[in-house]
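Here's the letter readout for the chains.
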Amino acid sequence: MFFFTFRAIIKKFFFKFKIFIGQNINDETLKEFLNMMKPVTHNIEMIRLGEEKAGGYFVPKDLENISFCMTAGVGDLIKFEYDLAEKGIKCFMADNSVDKPPLEHKNFSFLKKFVGNTLSKDYISFDEWKNSIPVDLENEKGILKIDIEGDEYSLLNSLDKKLIGKFSIVIIEFHHLNSILNPMAFEYINNIFNKILYSHNIVHLENNKVTKPVEYFKNEKLYDMVEITFLNKKGI
């Protein structure tokens, strides 16, 4: 049953990004990718904000210098942003799937739009969104959080690595990761990770255990969906 579910997910991913199935990537390349996804060793105290399960994310405990958070995709899980707002952090959220956040706060600002590259009245590009809110990426330190159900690849592919590097913390829920077996999908996903890792390190990785992991090598497993916290190499 799991095999057919997994295969259906892969096919959906390939179709979406116009990727055609070919031979698998070699073991050495796969091992390098799996090693790249492992969090770096650090002594930063981390805390979980938001819901206890879905909707909760790990961030450094010390957020004193963080002044804002940009969240693409919130749905009905808003406690992460609420916890940030309670710390005095301005939270700018965008999501067309809900009319408004389920909680209110003076530090909340909500836009009923999807963030992405689709030409539609329901979408706004990242640059348009960024330019419409009162934040100064050059002088303010902020969080970028992306949870948009698989559209993160298209969005991240369109962002310049220098722009990503302006954020102190980047939090992303990645989907369909086991599509890396396909060489073209691997190149696409690997390039996106390398773009983020140019300026950030992985400091926390949380597996979403909705589906079973794929074990590629002994003790080397990869879940199809993971939540990753990246910390800027310059710190916060």
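Since the model is a prediction, treat every value here as computed from it, not as a measurement.

Caption draft 1: Quick peek at the environment of F92. Looking at the element boundaries, F92 is found in strand β4 (residues 90–94). What makes F92 buried here is its relative accessible area of 6%. Sequence separation of F92 and H42 is 50 residues, and the distance between their C-alpha atoms is 29 Å. Those residues within four positions of F92 in sequence are excluded, and the remaining contacts are F68, C69, M70, T71, S109, W129, I133, P134 and V135.

Caption draft 2: Quick peek at the sheet that holds strand β10 (residues 200–207). Strand order across the open sheet formed by 7 strands is β5-β4-β3-β8-β9-β13-β10, with mixed pairing between neighbours. Edge positions in the sheet fall to β5 (108–111) and β10, since each has one partner strand and no second. Here the average twist between neighbouring strands, direction ignored, is 15°.

Caption draft 3: Broad picture of the pattern of salt bridges. Overall, the coordinates contain 8 salt bridges when judged by the stated rule. Notably, a salt bridge pairs E45 with K61, separated by 3.6 Å at the nearest N-O pair. In this pair, E45 is assigned in the loop between α2 (27–36) and β1 (46–50) and K61 in the loop between β2 (56–60) and β3 (66–72), connecting sequence segments 16 residues apart. Residue K61 is classed as partly exposed on the basis of its relative accessible area of 45%. K79 is the salt-bridge partner of D83, the closest N and O atoms lying 3.1 Å from each other.

Caption draft 4: A look at the pairing of strand β13 (residues 226–232). Of all 7 residues making up β13, 7 are buried, and the element is well covered by its neighbours. Here β13 shows no split at all, with V226, I228, F230 and N232 on one side and E227, T229 and L231 on the other all buried. When strand β9 (residues 169–174) meets β13, the two strands line up antiparallel, connected through 6 bridges. Looking at the pairing, I172 lines up with I228 of β13. Alignment of β10 against β13, held across 7 bridges, turns out to be antiparallel. Among the inter-strand pairings, N201 is bridged to a residue of β13, identified as L231.

The rules behind these values
Counting restarts for each chain, with residues numbered from 1 along the sequence as it is written. Predicted model: local features are reported for residues with pLDDT of at least 70 only, side-chain atom pairs are reported and counted for 80 or more only, and whole-chain, interface and lining totals are derived from all residues. Side-chain metrics in this entry use all non-hydrogen atoms of the structure; hydrogen atoms and water are not considered. Only DSSP runs of H or I with at least four residues qualify as helices, and only runs of E with at least two residues qualify as strands; both kinds are numbered from the N terminus onward. Three exposure classes are used, based on accessible area relative to the maximum for each residue type with a 1.4 Å probe and protein chains only: buried under 20%, partly exposed in between, and exposed over 50%. Contacts are assigned to residue pairs with any non-hydrogen atoms lying within 4.5 Å of each other. Each pair of strands is called paired provided DSSP finds at least two bridges between the two strands. Helix axes are fitted to C-alpha atoms over the stretch in contact, other axes to C-alpha atoms as well, and angles between N-to-C directions run from 0 to 180 degrees. Salt-bridge detection follows one rule: a side-chain nitrogen of Lys or Arg within 4 Å of a carboxyl oxygen of Asp or Glu.

Read these as layout, nothing more, since geometry by itself doesn't imply function.
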